[in-house]
Amino acid sequence: ESSGNWLLETMPLMFVPISVGLMESFHELSAILVPFVTISIISTLTVMAVTGIIAELIIKRKNKGEKEGEEE
């Protein structure tokens, strides 16, 4: 069994403490709910965009290296 499968299988367990914490402190969080959700969405989109850009750069660099190897 690879570590990738293990991470996918245990992912729900990793989010349970966060979910319980949010549910227990929801009354305190409700006062700042809009900024909290806004920041969460913006930071998630930023991480996704940066990850995508870096992945594309890595793929292009890998493909460029393979093409240079074929030309020799």
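Since the model is a prediction, treat every value here as computed from it, not as a measurement.

Conventions adopted
Residues numbered from 1 in each chain as written. Predicted model: local features only at pLDDT ≥ 70, side-chain atom pairs only at ≥ 80, totals over all residues. Heavy atoms only, no water. Helix = DSSP H or I, 4+ residues; strand = E, 2+ residues; numbered from the N terminus. Rg over C-alpha atoms; globule rule 2.2 N^0.38 Å. Buried < 20%, exposed > 50% of the residue type's maximum accessible area, 1.4 Å probe, protein only. pLDDT = per-residue confidence, 0-100.

The helix and strand inventory of the protein stands at three helices and zero strands. Each helix (α) and strand (β) of the protein, taken in turn from the N terminus, gives the series α-α-α. Computed over C-alpha atoms, the radius of gyration of the protein comes to 20 Å, more than 25% over the 11 Å expected from 2.2 N^0.38 for 72 residues, which places it beyond the range of a compact globule. With respect to the three principal axes, the spread of C-alpha positions in the protein is 65 × 35 × 5 Å. Buried residues in the protein amount to 3% of all 72 residues.

Moving on, we get to the environment of M11. Here M11 lies in helix 1 (residues 3-24). A residue is classified by how much of its surface remains accessible, and M11, at 37% relative accessible area, is partly exposed. With 14 residues separating them along the chain, M11 and S25 place their C-alpha atoms 22 Å apart.

What follows is about the environment of G69. With respect to the helices and strands, the residue G69 is situated in helix 3 (residues 33-71). Remark: the alpha-carbon pair of G69 and I53, spanning 16 residues in sequence, is separated by 24 Å.

On average, residues of the protein score 87 in pLDDT, and 92% of them reach the 70 mark or higher. Confidence, read as mean pLDDT per element, is least for helix 1 in the protein (83) and greatest for helix 3 (91).

So, about the environment of L8. Assignment of secondary structure puts L8 in helix 1. In the structure, L8 is positioned 46 residues away from I54 in sequence and 23 Å away in space, judged by C-alpha atoms.

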